[in-house]
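One-letter residues, chain by chain:
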Amino acid sequence: MGDVDVKCKMMSACSSAKLFLFMVPLLVVSGFVFVNIGPNNPSSFLTSLSNNQISPPLPSYPTLPLAPAPSQPPPPSSLSTNVESIQGRDYNRTIQLNPMNIASMSSNVTSTASMKVMKKKVISNLEKVEFELQKARVAIKAASMNDPVDDPDYAPLGPMYWNAKVFHRSYLEMEKQFKIFVYKEGEPPLFHDGPCKSIYSMEGNFIYEMERDTRFRTNNPDKAHAFYLPLSVVKMVRYVYERDSHDFGPIRKTVRDYIDLVGDKYPYWNRSIGADHFILSCHDWGPEASFSHPHLGQNSIRALCNANTSERFKPRKDVSIPEINLRTGSLKGLVGGPSPSSRPILAFFAGGVHGPVRPVLLQHWENKDNDVRVHKYLPKGMSYSDMMRNSKFCLCPSGYEVASPRIVEALYSGCVPVLINSGYVPPFSDVLNWASFSVIVSVEDIPNLKTILTSISPRQYLRMYRRVLKVRRHFEVNSPAKRFDVFHMILHSIWVRRLNVRIREV
């Protein structure tokens, strides 16, 4: 792992007839462009391939959730076996749910042109891109029935994953095919820039890693599967928003003007009404900023730390990313901790009183139990990181917003996270089965925290501890990025959402 702070300072036309015959099912003869997106009732493509049930919302558990049986449905996510149509050009949103066969082309594709006429049609760059994505869908579908694939770096395995084989195949397909075009328009600090040393560090780290990437980034937008709008809400709050003005207008105008700029200069935004475009933000105001333009909020992929379903976060198309507080810009000294036998404290929390959840936690547990150590302020001479390393479970209640950097801090420390919130979609939950390596507690069950945690057997706790050590690689920040780390997991979540979008034109 290198120093992320150093990184922050750095700133065709035709195809063969054979290929065309494969492309014939993708062609549509109509008078408009439209996009297919996953249904309002979300489910995960990566898990629904082996499960035909529609997924319920991620539950809250009054007691420790054991690893689910194979028949247990996954939490809400992105790709699914249904599609939602968004009609283009006139921007009238019309929804129709049609079954989609992943192994073949979707049943709602029709053509009135004769084969003779179609053979003369030149295959567009968009159709080639969509054909590549369809091949990936087929390969991912087949993964659930094939043997696991050998991988020199890491082979996902275990109950931490909803479907390890499908995830691995999807990840490999992403590495093989996924191409992203980063719009070059815009000047720092509002664009192509971001923080790397704060609680919002993922904004800057992702932007800089994407800017220097050579594997996934393409300079040819005609070959891109997705388009990145490299804006930083953190920088807009700092340089555009007038402090204490309560006027969000300047930020909205900045976002709206940028989309209008790239929409006028390139055809790609208008072609898909923004459905193959994405933004990434870790600021609390990220969700609000995304609705500065109606199609950005409604259609585009939004990678957000503040993944709150009560604030219009849609797991079927949006991406939940981890909130990581890199105080020095580096992971040095943050990852690691003692074995379970050297963790004498049952549970620990220390933090400010803000938001609706923490006051309840402090009311019931502050300085009231030697096993459940809950503090508003740490006693003098006590180390926050040492307390996490000495605890079996780390309490992660929501603050003003649902996301908390304590979740990742717990994983780094080898401490089993206890998620206490409402409406939060944990990061990468389309792939990761959080119930297998964390405890999910409803706000109403805060008074029963000790009972819930002590009901977990030593054997089950050891399983969860080992899973935490395995899964934390997906949350580590590396410079340069490494396979399966947080940068690549964010990319994979965006890749999964892009697989659920089909763009068609004539």
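Everything here concerns the structure above.
Residues numbered from 1 in each chain as written. Predicted model: local features only at pLDDT ≥ 70, side-chain atom pairs only at ≥ 80, totals over all residues. Heavy atoms only, no water.

Secondary structure assignment for the protein chain yields 18 helices and 14 strands. Burial statistics for the protein chain: of 506 residues in total, 58% are counted as buried. Carbon together with sulfur atoms contributes 53% to the accessible area of the protein chain, which is approximately 20500 Å² in total. (Helix = DSSP H or I, 4+ residues; strand = E, 2+ residues; numbered from the N terminus. Buried < 20%, exposed > 50% of the residue type's maximum accessible area, 1.4 Å probe, protein only. Areas by Shrake-Rupley, 256 points an atom, 1.4 Å probe, with all protein chains shown as cover.)

Under the criterion given, the structure shown has 26 aromatic pairs. With a centroid separation of 4.0 Å and an interplanar angle of 10°, the aromatic rings of Tyr171 and Phe484 are classed as stacked. One end of the pair, Tyr171, is in helix H6 (residues 164-177); the other, Phe484, is in the loop between helix H17 (458-471) and helix H18 (486-499), and 313 residues separate them in sequence. The class for Tyr171 is buried, based on a relative accessible area of 0%. Take Phe484: its relative accessible area is 0%, and that puts it in the buried class. Following the ring pairs from residue to residue traces out a cluster consisting of Tyr154, Tyr161, Phe167, Tyr171 and Phe484. Between the NZ or CZ atom of Arg312 and the centre of the ring of Phe291, over which it lies, the distance is 3.6 Å. (Phe/Tyr/Trp six-rings, centres within 6.5 Å; stacked < 30°, edge-to-face > 60°. Lys NZ or Arg CZ within 6 Å of the ring centre and 35° of its normal.)

Below, the discussion takes up the pairing of strand E7 (residues 301-304). On a regular strand, one side chain projects to one face of the sheet and the next to the other, so that they alternate. The side-chain alternation of E7 yields two buried faces, one formed by Ile301 and Ala303 and the other by Arg302 and Leu304. Across 2 bridges, E7 lies against strand E8 (residues 319-320) in parallel orientation. Following the sheet pairing, Ala303 is matched in E8 by Val319. (Pairing = 2+ DSSP bridges.)

A word on the sheet that holds strand E6 (residues 277-281). The parallel open sheet is built from 5 strands, whose spatial order is E4-E5-E6-E7-E8. Looking at the sheet topology across the chains shown, the edges are occupied by strand E4 (180-182) and E8. Summarising the sheet, strand E5 (residues 226-228) and E6 pair through 2 bridges and their orientation is parallel. Bridging from a neighbouring strand, Phe227 pairs with His277 of E6. Contacts from helix H7 (residues 201-212) reach E4, E5 and E6, with the element oriented near 135° to E6. (Contact = heavy atoms within 4.5 Å. Axes fitted to C-alpha atoms, helices over the stretch in contact; angles between N-to-C directions.)

One broad trend across soluble globular proteins is that nonpolar side chains are buried collectively. Counting residues in each nonpolar core, the largest one holds 89 residues, and the members touching the most others are Phe206, Phe393 and Val439. Among the elements that make up this core, the one with the highest residue count is H18 (9 residues). Excluding its chain neighbours within four sequence positions, the residues that come into contact with Phe393 are Leu346, Ala347, Phe348, Cys415, Val416, Val418, Val439, Leu453, Ile456 and Tyr461. Formed by 24 residues, the second largest nonpolar core is a distinct cluster that contains Ala224, Leu231, Val233 and Ile251. (Core = buried A, V, L, I, M, F, W, Y, C linked by side-chain atoms within 4.5 Å.)

Time to look at the state of the cysteines. Disulfides are covalent bonds that link the sulfur atoms of two cysteine residues. Applying the stated criterion to the full structure yields 2 disulfides. Note on cysteine connectivity: Cys394 is disulfide-linked to Cys415, with sulfurs 2.2 Å apart. Taking the torsion about the S-S bond as the criterion, the Cys394 to Cys415 disulfide, at about 110°, is right-handed. Of the two residues, Cys394 is situated in strand E11 (residues 391-397) and Cys415 in the loop between helix H15 (406-413) and strand E12 (416-420); the sequence distance between them amounts to 21 residues. For the pair formed by Cys394 and Cys415, the shared burial category is buried. The thiol of Cys396 is not disulfide-bonded; the next cysteine sulfur, from Cys394, is found 6.4 Å away. (Disulfide = S-S within 2.5 Å.)

This part covers the environment of Asp193. Residue placement: Asp193 occurs in the loop between E4 and H7. Linking Asp193 and Gly204, residues 11 residues apart in sequence, is a C-alpha distance of 6.1 Å. Not counting chain neighbours up to four residues away, the residues in contact with Asp193 comprise Pro188, Ile207, Tyr208, Ser232 and Lys235.

Here we come to the sheet that holds strand E13 (residues 439-441). The strand order E10-E9-E11-E12-E13 describes an open sheet built from 5 strands, whose pairing is parallel. Each edge of the open sheet carries a strand with a single partner, namely strand E10 (372-375) and E13. Adjacent strand axes in the sheet meet at a mean angle of 20°, parallel and antiparallel pairs treated alike. Sheet analysis places strand E9 (residues 345-350) next to E11, joined by 3 bridges and oriented parallel. The residue of E11 that forms the bridge with Ala347 is Phe393.

For the bond running from Pro188 to Pro189, omega is 10°, close enough to zero to count as cis. With respect to the helices and strands, the residue Pro189 is situated in the loop between E4 and H7. Cis geometry is found at the peptide bond from Ser479 to Pro480, where omega equals 0°. Tracing the sequence through the fold places Pro480 in the loop between H17 and H18. Phi is positive for His192, close to 55°, though the residue is something other than glycine. Within the secondary structure, His192 is located in the loop between E4 and H7. Unusually for a residue other than glycine, Arg312 sits at a positive phi of about 70°. Looking at the element boundaries, Arg312 is found in the loop between E7 and E8.

Geometric descriptors of this kind do not, in isolation, establish any biological role.
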